[in-house]
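Spelled out, the chains give:
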Amino acid sequence: MSFRLYNTLTRKTEEFQPLEAGRVGMYVCGPTVYGHAHLGHGKSYVSFDILLRYLRYLGYSVSYVQNITDVGHLTDDADAGEDKISKQAQREKKHPMAIAEYYTRSYFEDMDALNCIRPDISPRATGHIPEQIELVQTLLDKGYAYAVNGSVYFDVSKFGAYGKLSGRNVEEMQAGARVDVNAEKRHPADFALWKKAEPGHVMQWNSPWGRGYPGWHLECSVMSMKYLGKTIDIHGGGIENQFPHHECEIAQSEAANGVPFVRYWVHHNMVTVDGQKMGKSLGNFITLKQIFKEGHQRLSRLYNPLAVRQLILQSHYRSPIDFSDAALTAAQSGYDRITEAVLAVRKAMNTALTGQADADVVKQLDTMRQKFETAMNDDLNTAVALSVIFEMLKLANQVVSGKTTQATLNAVNDQFIKLGGEVLGIVKDEYAIAGGGDEQLLEHLIGLMIEQRQTARKKKDFAASDRIRNKLTEFGIVLEDSPAGTTWRRQ
RNA sequence: GGCGGCGUAGCCAAGCGGCCCAAGGCGACGGUUUGCAAAACCGUUAUUUCGUGGGUUCGAAUCCCACCGCCGCCUCCA
């Protein structure tokens with residue numbers, strides 16, 4: 001069975017067929033860097049990371065481009081007001097570029113923590129002003145745009161296909177429009193390609209139409225064209241960007257190039273927190289850093305970034321996901337079990353027998369792999385794919401608890417790495433011991449306590465042995481007894 | 001006002017016409033194990049049941065209609 005992907009443009013799940021066999025060009029709308037990344041970013045980029053990883057797993061050579069929007073945009077109709085980056089710059093008393101740089105680094109840090117593979121290219125909008133001006137000029141030359149008083153607008157009436165992605169038509173949109181009417185525009189649906197800079201607007205550039213800045217749909221068209229060509233295979237983004245952002249991108253790009261802009265439009269759904277929409281303007285958003293290390297009022301504890309990733313994978317990318325403390329706790333528990341099982345497999349390798357891999361285990365693994373691939377092939381059904389990882393967990397624990405061979409354990413571990421690691425990104429190749437030297441000291445000290453406790457237990461002095469274990473539990477160290485001896489782990 | 005989505009066990013969630021008397025996770029409960037625990041393993045956890053009421057069909061959680069409830073987009077937002 002081949003890989004099938006839902007295409008917003010056709011509203012159907014279609015067999016994925018790249019333009020050029022074996023190669024895929026994928027563009028994903030990146031963040032506007034004026035604040036720390038939040039849960040919504042997490043869901044978005046984990047979703048596309050899965051798409052990227054699975055395409056690579058299938059053997060495609062993927063070029064993955066994700067922009068960094070480092071020039072904040074106004075609404076396309078506003079005549080006054082500040083852009084988001086400038087606003088943040090004023091607040092922090094820094095240059096807008098410093099703001100963009102700072103939050104770009106923060107963004108990558110969070111995405112690394114979520115185990116998202118970095119894009120091959122992360123083009124900045126401000127680094128492509130000449131190209132954007134060029135595209136505006138092309139649209140003017142071809143008669144799709146008009147210049148008014150230092151600004152340039154796209155003439156929607158000239159592009160018949162406008163609305164094909166979002167299923168809207170220009171006439172119906174006029175009625176309920178909540179945007180202010182801009183007298184410069186010929187039609188309310190026309191959108192800005194280039195805006196004249198108002199006095200005091202920090203981010204501005206020279207153009208044939210005077211000093212100004214690019215319209216907010218322009219950068220994606222320009223940068224995807226530049227790095228991936230006039231027709232790209234996949235364009236991803238949030239469902240809220242379907243209109244107007246992506247609709248405008250299509251209009252600009254196809255009007256300029258005369259060829260289809262995108263073959264597969266992929267949109268992921270939104271995030272809610274405790275059942276409510278999470279929005280920057282609402283102030284109820286939780287940043288990833290708050291979940292990972294700073295804490296938040298709505299959260300009872302900190303969570304492992306990969307547990308957050310796992311929670312995201314538990315539902316479909318086109319479904320909304322509601323983040324709550326309870327949901328995160330549940331995901332963390334499940335994630336911990338997977339991690340423990342993987343570690344147990346790796347640990348058991350040291351003492352396992354030599355010999356051939358257990359044929360039955362190998363067969364079961366293969367069945368699970370097929371189920372996994374079938375699920376992923378069906379528009380990235382990560383919920384089912386994850387359930388396969390849990391089936392593997394069960395199998396792994398059974399294998400580890402019995403007599404087994406190194407080859408068997410290797411087979412289990414390899415599949416964990418391939419499916420859980422390479423594709424889903426929740427199993428690591430190595431679980432680094434944090435802390436380095438201190439960790440060794442800890443190992444020795446706890447080893448000593450375990451020894452003391454063992455002595456007490458041999459003498460049946462359970463009061464003493466329990467005291468040691470309870471005290472360590474207070475410090476977040478859990479002792480576990482087994483026939484092979486006592487081991488410890490962090491809570 | 002226009003457009004779109006959702007409602008499945010205590011919670012999260014997959015399934016989208018027969019393999020469903022409905023995956024998987026979390027939680028809970030019982031058992032094995034343990035000095036007691038923890039972890040792991042085994043088992044139980046949706047009164048033919050999938051918001052409610054109709055309909056189509058040999059057959060529906062899955063299709064159609066109505067109703068109720070929730071959410072998102074239409075303005076920058078991932």
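Predicted, not measured: the structure shown is a model, and the values here were computed from it. (Residues numbered from 1 in each chain as written. Chains lettered and ligands numbered in written order. Predicted model: local features only at pLDDT ≥ 70, side-chain atom pairs only at ≥ 80, totals over all residues. Heavy atoms only, no water.)

**Q** Tell me what's going on with the packing of aromatic side chains, and back it up with residues and numbers.
**A** Applying the stated rule across the entire model yields 15 aromatic pairs. With a centroid separation of 5.0 Å and 45° between ring planes, the pair formed by Phe 16 and Tyr 264 is classed as tilted. Remark: Tyr 264 occurs in strand β10 (residues 262–268) and Phe 16 occurs in the loop between β2 (12–15) and β3 (23–28); sequence separation between them is 248 residues. Note on Phe 16: relative accessible area 3%, which makes it buried. Looking at Tyr 264, the relative accessible area reads 5%, which means it is buried. Arranged with centres 5.5 Å apart and planes meeting at 85°, the rings of Tyr 45 and Tyr 107 form a pair that is edge-to-face. Residue Tyr 45 is located in helix α1 (residues 39–57), and its partner Tyr 107 is located in helix α3 (residues 96–113); the two are separated by 62 residues in the primary sequence. For the residue pair Tyr 45 and Tyr 107, the accessibility class agrees, reading buried in each case. (Phe/Tyr/Trp six-rings, centres within 6.5 Å; stacked < 30°, edge-to-face > 60°. Helix = DSSP H or I, 4+ residues; strand = E, 2+ residues; numbered from the N terminus. Buried < 20%, exposed > 50% of the residue type's maximum accessible area, 1.4 Å probe, protein only.)

**Q** I'd like to hear about the sheet that holds strand β12 (residues 276–277), residue by residue, with values.
**A** The three strands lie next to each other as β12-β11-β13, forming an open sheet whose pairing is mixed. Whereas interior strands pair on both sides, the edge strands pair on one side only; in this sheet they are β12 and β13 (321–323). Pairing between strand β11 (residues 271–273) and β13: three bridges, direction parallel. Within β13, the position partnered with Val 273 by the bridge is Phe 323. Against the sheet, α1 engages β11 and β13, with an angle of about 150° to β11. (Pairing = 2+ DSSP bridges. Contact = heavy atoms within 4.5 Å. Axes fitted to C-alpha atoms, helices over the stretch in contact; angles between N-to-C directions.)

**Q** If you had to explain the confidence of the model for chain A to someone new, which residues and values would you point to?
**A** In the predicted model, chain A carries a mean pLDDT of 89, and the fraction of residues at 70 or more is 92%. Mean pLDDT values over the elements of chain A span from 55, in helix α5 (residues 170–176), up to 97, in strand β4 (residues 61–66). Contacts from residues 75–81, a stretch scored under 50 in pLDDT, to residues over four places away or in other chains number 15 contacts. Counting interchain partners and residues more than four positions distant, the pLDDT-below-50 stretch residues 175–179 has one contact. The ipTM for the predicted assembly is 0.94, set against a pTM of 0.91. (pLDDT = per-residue confidence, 0-100.)

**Q** Any chance you could break down the nonpolar core for me, citing the residues and the numbers?
**A** One finds Leu 5, Met 26, Leu 39, Leu 51, Leu 55, Ile 234 and Val 308 to be the most contacted residues of the largest nonpolar core, which totals 89 residues. For this core, the element with the most residues is α1, which contributes 10 residues. With residues near it in sequence (within four places) discarded, Leu 5 still touches Lys 12, Thr 13, Glu 14, Phe 16, Leu 51, Ile 234, Tyr 264, Val 266, Tyr 317, Asp 379 and Leu 380. (Core = buried A, V, L, I, M, F, W, Y, C linked by side-chain atoms within 4.5 Å.)

**Q** Give me the pattern of salt bridges: which residues, what numbers.
**A** In total, this model carries 26 salt bridges according to the counting rule given. The residue Lys 293 makes a salt bridge to Glu 109 at a minimum N-O spacing of 3.5 Å. In this pair, Lys 293 sits in helix α8 (residues 288–294) while Glu 109 sits in helix α3, placing the two residues 184 residues apart along the sequence. Taking the relative accessible area as the measure of exposure, Glu 109 reaches 41% and is therefore partly exposed. When the shortest N-O distance is used, the salt bridge between Glu 480 and Arg 489 registers 2.8 Å. Where salt bridges share partners, they join Glu 109, Asp 110, Lys 289 and Lys 293 into one cluster. (Salt bridge = Lys/Arg side-chain N within 4 Å of Asp/Glu carboxyl O.)

**Q** Help me get a handle on the pairing of strand β6 (residues 151–154), residues and values and all.
**A** Neither face of β6 is exposed, since Ser 151 and Tyr 153 on one face and Val 152 and Phe 154 on the opposite face are all buried. Direction of pairing for strand β5 (residues 145–148) relative to β6: antiparallel, over a ladder of four bridges. Across the sheet, residue Ala 145 finds its bridge partner in β6, namely Phe 154. Remark: two residues form the turn of the hairpin made by β5 and β6, two consecutive strands paired antiparallel; Asn 149 in that turn has positive phi of roughly 50°. Two elements, β6 and strand β7 (residues 191–196), share three bridges in a ladder whose sense is antiparallel. In the sheet register, Val 152 faces β7, and the bridge partner there is Trp 194.

**Q** Which residues make up unusual backbone geometry, and what are the values?
**A** Between Phe 243 and Pro 244 the backbone carries a cis peptide bond, its omega angle lying at 0°. With respect to the secondary-structure elements, Pro 244 resides in helix α7 (residues 242–257). Even without being a glycine, Asp 274 presents a positive backbone phi close to 50°. One can find Asp 274 in the loop between β11 and β12. With a phi close to 60°, Leu 380 is a non-glycine residue in the positive phi region. Here Leu 380 shows up in the loop between α11 (359–377) and α12 (382–401).

**Q** Which residues make up the sheet that holds β4, and what values do they have?
**A** On the basis of which strands lie adjacent, the open sheet formed by four strands has the order β4-β3-β9-β10 and parallel pairing. Both outer strands of the open sheet, β4 and β10, are each paired with one neighbouring strand and no more. Ignoring strand direction, the axes of neighbouring strands in this sheet form an average angle of 20°. Where β3 meets β4, six bridges bridge the pair, whose relative direction is parallel. Within the sheet, the bridge partner assigned to Arg 23 lies in β4 and is Ser 61. The sheet contacts of helix α6 (residues 218–228) involve β3, β4 and β9 (232–238), and relative to β3 the element is tilted by about 160°.

**Q** Hey, could you go over the side chain of His 316 for me, with residue numbers and the actual values?
**A** With respect to the secondary-structure elements, His 316 resides in the loop between α9 (305–313) and β13. There is a polar contact of 3.3 Å between the side chain of His 316 and the side chain of Asp 379. If we skip the residues at most four places from it in the chain, His 316 touches Lys 43, Asp 379, Leu 380 and Asn 381. (Polar contact = N/O pair within 3.5 Å; in protein donor to acceptor, adjacent residues only side chain to side chain.)

**Q** Kindly report on the pairing of strand β14 (residues 477–482), identifying the contributing residues and their values.
**A** In this sheet, strand β15 (residues 485–490) lies alongside β14 in antiparallel orientation, the contact comprising six bridges. Paired with Leu 479 across the strands is Trp 488, a residue of β15. Linking β14 to β15, which pair antiparallel, is a turn of two residues.

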